[in-house]
Amino acid sequence: MSQDARIVRALMRRALNEILRVPGGAIPGVLAPTIFMLGLSSVFSAAARLRGYHADFRTFVVPVGFLQGAGFAGAATGVNLARDIEQGWFDRLLLAPAPRGVLLTGIVASASLRALLPATMLLTVALVLGVHSPGAAGLVLAAGLVMTIAAAAACWGVTVALRFRTQQAAPLMQIGSFVAVLFTTAYAPHRLLSGWLQAVSDVNPVTYVLEGVRQGFVGSVSWGHTWPAMLSAAGLLAFFATFAIRGMRRTGAQ
Amino acid sequence: MTRAVVALGRRALRNTFRRPQFLAPLVAFPSLFLAVNVGGLHRTTTLPGFPAVHGFLDFQLAAAMTQSLLLGGVSSGIAIALEIEGGFFDRLVASPIPRVAIVLGRLAATAALACLQVVWFIAVGLIFGAHIAAGAPGVLVVILIGAVAGTGFGAIGVMLALRARNASTVQGIFPLVFVVLFVSSAFFPRDLLASPVDAIARYNPLSYIADGMRDPIISSISAAPVLEGLAAAGGVALVAIALSVAALRTRLREA
């Protein structure tokens, strides 16, 4: 294993250790998507009586929970980085003989892995409650999309953490993914959305990611829904990674 | 005592406004949630059992206010936790002021902020076509219930901060805000909630706080929901303030 890979692995292990050693900070993020799914489906279940939903409301919103979990994992990564900056640990990390890109990769990759925890919790609870299984192909696709979105959200979190250098910026880290996931077909099929939300969801790349994750739950996996989802997720990661890389470079130059 | 509370309250409020990037999420999150709910679920007002309303925006305004006030509580907790982490809290404890003023000063700022949060949502609602059925008196009632409830939520945040002593744990409470909201009638009429949430909502004070603020918006002021809302908000505030003062005393004993 190369030196860079060892550094990435060490940073990932450190981030994952925090989940076990600081459970007070990690458990809410793991449980939140499940709670959100249960809450939404309990509160708005009657909405599925409207024409246009091709599934019960719980099945319809499970994929929303997947992407929210990815967003929370990314934000948590940003918050943890802000804490490391506040406490001086990140400055010591920057002094280490490791390229900035490798440090960023380790931090972001930990978010991708971390996002599988809330997704697993959510999927287990959803299946127990009778949500339709998406099948092996649907699951693999969902996992890949969730990990990519978590990485994109982590890049945003890292960018904000490096800019504000305080944990008080946590809401800014969370709001990005929160908005991106909800201004889609999250709550209702496209034809039931009001006009302005239809327009926003049409240009929001996360809509295509959401539909890509959702397809297995409400029907079958098709290439027609899969390629726009993969392309959108990759595009989002590339976009936010650009800002995170720039932030790391500037931090090193200060 | 009063001077210390006012001075600390003014300081807390000034700090909040000097960092708009941290203030904005208190209104931004619920405003966005409000937009998404209304944009995605506006047709649910046609469902049998939905109360007569001018539009789904009118119904959702109280939910957004309640959510914003809860986030304000989390924010107050984070601010106290950061003061503990940074050592400022210890300097306050060492200063010649009543120690309970440290908690009450923060809560005074939270109450003032709560009034502004409620006004924000009323303004946003009116701009986007909502109607306040009870007019100006109704607005005052909504602000009153919001201020009392906001103080209570702030006290819960302060209590958690004094117990946890670190900001990341208090920050972790953020998703739980949605839990308590989801098991209430804040977002949807109680009769249309799925079981068992409909039953839990009956015992959740947030249901009464949200319904109390909603009543003047969707109808003329009715005694029952408004008084229930005030009582629920007052009850939460009294219990939470008592618990936060107890947490302060525990912390001071352990220091």
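(A) Looking closely at the side chain of Ser232 of chain A. Relative to the helices and strands, Ser232 of chain A resides in helix α11 (residues 223-253). Sequence-distant contacts of Ser232 of chain A, that is, excluding residues within four places in its chain, are made with Pro205, Tyr208 and Val209 of chain A.

(B) Broad picture of helix α5 (residues 100-127) of chain B. Taking 1.5 Å per residue as the helical rise, α5 of chain B with its 28 residues ought to reach 40 Å, and the 41 Å between its terminal C-alpha atoms agrees with that figure. Just beyond α5 of chain B, the residue with positive phi is Gly129 of chain B, at close to 100 degrees.

(C) Looking closely at unusual backbone geometry. Cis peptide bonds are those with omega within 30 degrees of zero, and the linkage from Ser195 of chain B to Pro196 of chain B qualifies with 5 degrees. Relative to the assigned elements, Pro196 of chain B resides in the loop between α8 (174-182) and α9 (197-203). One non-glycine residue, Arg165 of chain A, lies in positive phi territory at about 60 degrees. Inspection of the secondary structure puts Arg165 of chain A in the loop between α7 (135-164) and α8 (170-182). When its relative accessible area of 29% is taken as the criterion, Arg165 of chain A is described as partly exposed.

(D) Quick look at helix α1 (residues 3-21) of chain A. Residue and element names in this part refer to chain A. For α1, built from 19 residues, the straight-helix expectation of 27 Å at 1.5 Å per residue is met to within 8% by its first-to-last C-alpha distance of 26 Å. Taken as a whole, α1 has its buried residues at Ile7, Val8, Leu11, Met12, Ala15, Glu18 and Ile19. Buried positions in α1, seen along its axis, are confined to an arc of 135 degrees and lie on one side of it. Turned more than 90 degrees away from the buried face of α1 sit Arg13, Leu20 and Arg21, all of them exposed.

(E) Representation of the interface of chain A and chain B within the structure. Between chain A and chain B, the contact holds 41 residues from the first and 39 residues from the second. Carbon and sulfur atoms supply 76% of the area buried between chain A and chain B, which totals about 3600 Å² over both sides. Per-residue buried area on chain A facing chain B is highest for Val43, Phe44 and Gln168 of chain A; these three make up 18% of the total on that side. Our count for the contact surface shared by chain A and chain B stands at zero salt bridges. Taken together, the links from chain A to chain B amount to three residue pairs in polar contact (both at pLDDT 80 or more). Elements with a contribution of two residues or more to the side of chain A that touches chain B: α2 (23-43), α8 and α9 (195-203) of chain A. Examining the composition of the side of chain A that touches chain B, we find that 11 residues originate from one element, α2 of chain A, more than from any other. Per-class residue counts for the side of chain A that touches chain B are 28 nonpolar, 11 polar and two charged.

(F) Fine view of the pattern of salt bridges. Taken as a whole and judged by the stated rule, the model has nine salt bridges over all chains. Across the pair Arg14 of chain A and Asp84 of chain A runs a salt bridge, and its minimum N-O distance is 3.1 Å. With Arg14 of chain A in helix α1 and Asp84 of chain A in helix α3 (residues 57-86), this pair connects stretches of sequence that are 70 residues apart. What makes Arg14 of chain A partly exposed here is its relative accessible area of 27%. The exposure class assigned to Asp84 of chain A is buried, which follows from its relative accessible area of 5%. The closest approach of N and O atoms between Glu83 of chain B and Arg106 of chain B, which form a salt bridge, is 3.1 Å. Highlighted residues: Glu83 of chain B in helix α3 (residues 56-86) and Arg106 of chain B in helix α5, separated in sequence by 23 residues. Judged by relative accessible area, which is 9%, Glu83 of chain B ranks as buried. We classify Arg106 of chain B as buried; its relative accessible area is 9%.

Reading the values: rules and limits
Residues numbered from 1 in each chain as written. Chains lettered and ligands numbered in written order. Predicted model: local features only at pLDDT ≥ 70, side-chain atom pairs only at ≥ 80, totals over all residues. Heavy atoms only, no water. Helix = DSSP H or I, 4+ residues; strand = E, 2+ residues; numbered from the N terminus. Contact = heavy atoms within 4.5 Å. Expected span 1.5 Å × (residues − 1). Buried < 20%, exposed > 50% of the residue type's maximum accessible area, 1.4 Å probe, protein only. Arc of directions from axis to C-beta. Buried area = accessible area lost by both parts, 1.4 Å probe. Salt bridge = Lys/Arg side-chain N within 4 Å of Asp/Glu carboxyl O. Polar contact = N/O pair within 3.5 Å; in protein donor to acceptor, adjacent residues only side chain to side chain. Nonpolar A, V, L, I, M, F, W, Y, C, P; charged D, E, K, R; others polar.

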